[in-house]
Amino acid sequence: MPQRFRVSDQPLDAADVAAAVAGAGYGAVAVFIGTVRAHNAGRQVRFLEYEAFAPLAVKSFERIAGEASRRWPSAALAIHHRTGRVLIGEASVVIAAASAHRADAFAASRYAIERVKQIAPIWKHEHFDGGEVWIEGATADPQDEAARQAALERACS
Amino acid sequence: MLVTVRLFARLREIAGAPELRLELPGGSTAADAWAALVGRHPELKGYASSVSCAVNEDYARMTAALQDGDDVAFLPPVSGG
């Protein structure tokens, strides 16, 4: 069975991520694929370069899966994130959420991507026409309960 | 005591290295390591309120006490996904 939580500089395979959470008890697998967009904040993006603190990123994915399974006990998550240069249209992250029924699979996958953006030690270095910039989003704090609640609300709206 | 400091993304670029060693007095915390680092690279100062830290590959508070040989990572705001 493929690994459930992974950081890799190789192209991501959504089928592989889905296979990591396959099981006879599941009636739904929601797969979220985050891809690199050609435009950001008025800039023409050429490609993104992702950097990660891989061992802590994998632990963060495990933590997110644990949080999700407390909220949606029948749900199982797999999260793969890519590092290095990722071209426009390519996948930077793939999340598969399996559950007995579709509602929990959709909600758990949405929760997971929100939490990845909040606490996974991963950074985008955007290369655009005319320059480059490090994208800095959230201050990573897994104990920040308000952030976790915000992710839950987005998942359940 | 001697600790290894790991830096990522913009912090790594400012310091000019992904990893460096810091000699710190016994009883130092992650915040002390950060202060020593800012002493070497004043441009890091702007990250004081947004930096996160990890000790030995687990998230930790800046108040965490360090031991000889610890691995301390400083993380700028994250942007995965």
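Each remark here, short or long, concerns the structure printed above.
Below is a summary of the structure that appears in this document.

1. Focus: the overall build of chain A
And step 1. Broken down by element type, chain A carries four helices and nine strands.
And step 2. Expected size for 157 residues packed as a compact globule is a radius of gyration near 15 Å; at 15 Å, chain A falls within 12% of this value.
And step 3. Considered along the principal axes of its C-alpha atoms, chain A spans approximately 50 × 35 × 30 Å.
And step 4. Residues classed as buried in chain A amount to 42% of the 157 residues present.
And step 5. Within chain A, counting contacts between residues at least 6 apart in sequence, those at least 24 apart form 72% of the total.

2. Describing the overall build of chain B
And step 1. On a plain count of helices and strands, chain B comes out with two helices and five strands.
And step 2. Secondary structure elements in chain B, listed N-terminal to C-terminal, are β-α-β-α-β-β-β.
And step 3. By principal-axis analysis of the C-alpha atoms, chain B measures approximately 35 × 25 × 20 Å.
And step 4. When the 81 residues of chain B are sorted by exposure, 40% land in the buried category.
And step 5. In chain B, the share of contacts with a sequence separation of at least 24, taken over all contacts with a separation of at least 6, comes to 54%.

3. Quick look at the interface of chain A and chain B
Note: interface size is frequently given as the accessible area lost on complex formation between the parts.
And step 1. Chain A puts 26 residues into the contact, and the matching count from chain B is 17 residues.
And step 2. Residue assignment for the side of chain A that touches chain B shows that the elements contributing at least two residues are α2 (54-71), β7 (91-99), α3 (102-119), β8 (122-128) and β9 (131-135) of chain A.
And step 3. Of the residues in the side of chain A that touches chain B, the class split is 15 nonpolar, five polar and six charged.

4. Looking at the packing of α2(A) against α3(A)
Residues and elements named next belong to chain A.
And step 1. Where α2 contacts α3, the axes come no closer than 10 Å and their chain directions differ by 140°. The orientation of α2 relative to α3 falls into the category oblique. Crossing of α2 over α3 shows right-handed handedness. Across the interface between the two elements, Ser-60, Ile-64, Glu-67 and Ala-68 of α2 pack against Ala-108, Tyr-111, Ala-112, Arg-115, Val-116 and Ile-119 of α3.

5. Notes on α2(A)
And step 1. For α2(A), built from 18 residues, the straight-helix expectation of 26 Å at 1.5 Å per residue is met to within 8% by its first-to-last C-alpha distance of 26 Å.
And step 2. Among the residues making up α2(A), those that are buried are Leu56(A), Ala57(A), Val58(A), Lys59(A), Ser60(A), Phe61(A), Ile64(A), Ala65(A), Glu67(A) and Ala68(A).

6. Points about α3(A)
And step 1. Across its 18 residues, α3(A) extends 26 Å between first and last C-alpha, which sits within 8% of the 26 Å expected from 1.5 Å per residue.
And step 2. With 15 of its 18 residues buried, α3(A) lies for the most part within the structure.

Rules and cut-offs
- Residues numbered from 1 in each chain as written.
- Chains lettered and ligands numbered in written order.
- Predicted model: local features only at pLDDT ≥ 70, side-chain atom pairs only at ≥ 80, totals over all residues.
- Helix = DSSP H or I, 4+ residues; strand = E, 2+ residues; numbered from the N terminus.
- Rg over C-alpha atoms; globule rule 2.2 N^0.38 Å.
- Buried ≥ 20, exposed ≤ 12 C-beta atoms within 10 Å, placed from the backbone.
- Contact = placed C-beta atoms within 7 Å.
- Nonpolar A, V, L, I, M, F, W, Y, C, P; charged D, E, K, R; others polar.
- Axes fitted to C-alpha atoms, helices over the stretch in contact; angles between N-to-C directions.
- Parallel < 35°, antiparallel > 145°, perpendicular 65-115°, else oblique.
- Left-handed = near helix turned anticlockwise from the far one by under 90°.
- Expected span 1.5 Å × (residues − 1).

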